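Here is what each chain is made of, one letter per residue.
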Amino acid sequence: MHEVDVAIVGGGPAGSSAARAAAEEGAEAVVLEKGVPRADRDGLGPDSTDAAGILDYWVDIMEFTPDEIPEWVKCRELRGAEFAGPNASMLLQSTGIESSYPNFGFTMHRARFDDWLRERAEDAGAEYRVGASVRSVETDHRERSHTLILRSGEEVHADHLVLADGPQRTVTSQVLDPLLPDGSLENLASRRANHIAYQEYREFPEEVFEDDVIKFWWGLMPGHTAYPWVFPNDGTVARVGLTMPIGMDLDAVEGREEYALLRPEDERIPTGTEYVRRLLEYEYGGRFDIEEDFPLVEDRGKRAGTETYPISSTRPIDSPTAANVAVVGGAMGATSAFHEGGDHVAVRTGKIAGRLAALDAMRAYNSEWKRAIGSEVRRNVAFADLVRGHRPADWDRTFRTADAIVNRGGAYGFGTRDAVGAGVAGVKLYGRYKLLKHCYRDDRYVQIRERDYAV
C-alpha cells in the first residue's frame, strides 16, 4: 500500500492546483488522473475541456500575477465580449470588476493550461500519476483517513482526500453518498445537474474573423442558459460551440417557432454538430458557403477538430471536512454553465484545499472557499435566476436595457445611478438582480451544507 499525506482524485485545474499547494507546504501529495487521449496533446491528460476564456478579474481569483500565465498557453488577448439576442446586442468592454490584468481577458489553449498546472505541481514535489483510475474509496471515519483502490488493484492510503473529478462526480458521489440522507445527491446526478457542451474548430474568412472579441448568442436555442458562442483562437481559427441542458424534450419547448436555430421539421433537439452548422448559416450564410468557407480544422481539439464535454450547472456544495474530505472545482458545483467556464474557481478552490490539507486544517475549507469565491458564485447564481424562463423577445429587451446601463457606468462597476439613468426598464432589471442576490445572502447559494453530512 502506498502511503501519502494528501490524495487528489482528478488532474485538471483544481487537482493540479491542490497538489502544488499541498507540496509547497511540505506534504506528500499524489494526483490520481485516469487520463484521456487528445489530438492536440502528447500523451494522456485530464478530460476537463471547456471553451477556455479567462476574464481579467479571474486572474486575480486564481491568485496569479498578470504575467504569470505563460504566453504559450494563451491564444488571444481580448478587448471585450459581445452578447447578441435575435434582434439586439451589446458589447461589454469592461467586466465591471477591478482587476490587475491589463486587458478584458484572453482565450487560451485549455490542454496547455492543464499541462502547465501539472508541471507546476510536479516542480513543487507532487506526484502526478496518469492512467491511475480510482475504482472505489474506503473511509475510516474513526481515523479520518482514506484508502483509494485503483482499477489496477493498487491501494493508496491518505490522511486527507481532495475530490477534483469534475462535474460527472464519479468518485465524489461514491464518497459523499454514505454521508448524506437518501436522495440528497439526486440534485447532483450527472444527467439532471449538468449541461453538455460541444464545439468545433473552424477556419474563418479573414473579413469576418474578430480576433479580440468573444461572442455569445442568447435566445436562438431553447433551454435555460443554453447558448452558442465563438471564441477566437490562433490565426483565423475560432472555436464555435454551444452549451445546452442534457436530455431536453423538444415537445416541452414553449414557442419553439421563436427560436432561430430550430426548424419546423425537427422531431428532437438538434445535435451539437447541426446546431453549429445552423449558427454559422444564421450569422454568415447570406455571404458564404459554410462548409467551403468555414472548414473544420481536424488536427485540433479532442478528436478530429471537435470536443464534447460536461459542464456543472448546479449550485455549489459544502464538503464533509470532519472526514478530512474537500470537494473542489466542478465536482463541488462551483463552475457555471451561465458564463461558460470555471477554471478560475477550480484553481482557487484547489489551492485552498491543498494548502489546508497539508496543514491538517481541513475544517477551515468551507469557510475559506466562500471567502475566496463566494461573491463570484452568488453573482452567477443570481444572473442565472434573472434570466430563467427567458424567451427570445425577453433576451432582446434584457440586452437593450443592460446596454443602456453599461454605457452609463464607469470603468469599474455599474450601480444604482446608472440603472436609474437607463429609465424604468433599467431600474426594474437592476432591482430584480439586487433582490435575487439578496436572496442568496449568508451563503444561501450552497445546496448541501456541512451540517447535512453524517460525520
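Residues numbered from 1 in each chain as written. Predicted model: local features only at pLDDT ≥ 70, side-chain atom pairs only at ≥ 80, totals over all residues. Heavy atoms only, no water.

Per an unreviewed UniProt entry, the protein chain goes by NAD(P)/FAD-dependent oxidoreductase and derives from Halomarina ordinaria.

This brings us to the pattern of salt bridges. Where charged atoms of side chains with opposite charge meet at close range, the side chains can pair. Evaluation of the coordinates by the stated rule reveals 35 salt bridges. Each of R41, R110, D114, D115 and D343 takes part in salt bridges that share partners, so that together they form one network. (Salt bridge = Lys/Arg side-chain N within 4 Å of Asp/Glu carboxyl O.)

Now for helix α8 (residues 343-358). With 16 residues, α8 should reach 22 Å at 1.5 Å per residue; the first-to-last C-alpha distance of 22 Å fits that figure. Across the 16 residues of α8, 14 count as buried, placing the element largely inside the fold. Within two residues after α8, D360 carries a phi angle of roughly 55°, on the positive side. (Helix = DSSP H or I, 4+ residues; strand = E, 2+ residues; numbered from the N terminus. Expected span 1.5 Å × (residues − 1). Buried < 20%, exposed > 50% of the residue type's maximum accessible area, 1.4 Å probe, protein only.)

With that settled, the discussion passes to the environment of R388. One can find R388 in the loop between α9 (365-386) and α10 (392-406). Expressed as a C-alpha distance, the spacing of R388 and E25, which sit 363 residues apart in the sequence, is 43 Å. Engagement of the side chain of R388 in a polar contact is seen with the side chain of D385, the distance being 3.1 Å. (Polar contact = N/O pair within 3.5 Å; in protein donor to acceptor, adjacent residues only side chain to side chain.)

Okay, the sheet that holds strand β7 (residues 105-108) next. The three strands are arranged β3-β7-β4 in an open sheet whose pairing can be described as antiparallel. Here the strands that pair on one side only, and so sit at the sheet edges, are β3 (53-55) and β4 (74-78). Going from strand to strand, the sheet's axes swing by 20° on average, the running direction of each strand aside. The pairing of β4 with β7 spans four bridges and is classified as antiparallel. Bridge pairing in β7 places E77 opposite F106. (Pairing = 2+ DSSP bridges. Axes fitted to C-alpha atoms, helices over the stretch in contact; angles between N-to-C directions.)

With their axes 9 Å apart at the nearest point, α10 and helix α12 (residues 424-439) run at an angle of 95° to one another. Relative to α12, α10 is oriented roughly perpendicular. Packed against α10, whose contacting residues are T398, T401, A402 and I405, the element α12 presents A425, G426 and L429 at the interface. Residue composition of the contact of α10 with α12, by class: four nonpolar, three polar and no charged. (Parallel < 35°, antiparallel > 145°, perpendicular 65-115°, else oblique. Contact = heavy atoms within 4.5 Å. Nonpolar A, V, L, I, M, F, W, Y, C, P; charged D, E, K, R; others polar.)

Let's shift gears to unusual backbone geometry. Phi at E63 is positive, roughly 65°, even though this residue is not glycine. Assignment of secondary structure puts E63 in the loop between α2 (56-61) and β4.

Let us now look at the packing of aromatic side chains. Tallied over the entire structure, the rule returns 20 aromatic pairs. Note on F83 and F399: the rings are 6.3 Å apart at their centroids and 35° apart in plane angle, and the pair reads as tilted. Note that F83 is positioned in strand β5 (residues 80-84) and F399 in helix α10, a separation of 316 residues in sequence. Across the pair, F399 and F83 agree in class, each one buried. Centre to centre, the rings of F288 and F294 are 5.7 Å apart; their planes meet at 90°, and the pair counts as edge-to-face. Given the relative accessible area of 13%, F288 is considered buried. Residue classification places F294 among the buried residues on the basis of a relative accessible area of 0%. (Phe/Tyr/Trp six-rings, centres within 6.5 Å; stacked < 30°, edge-to-face > 60°.)

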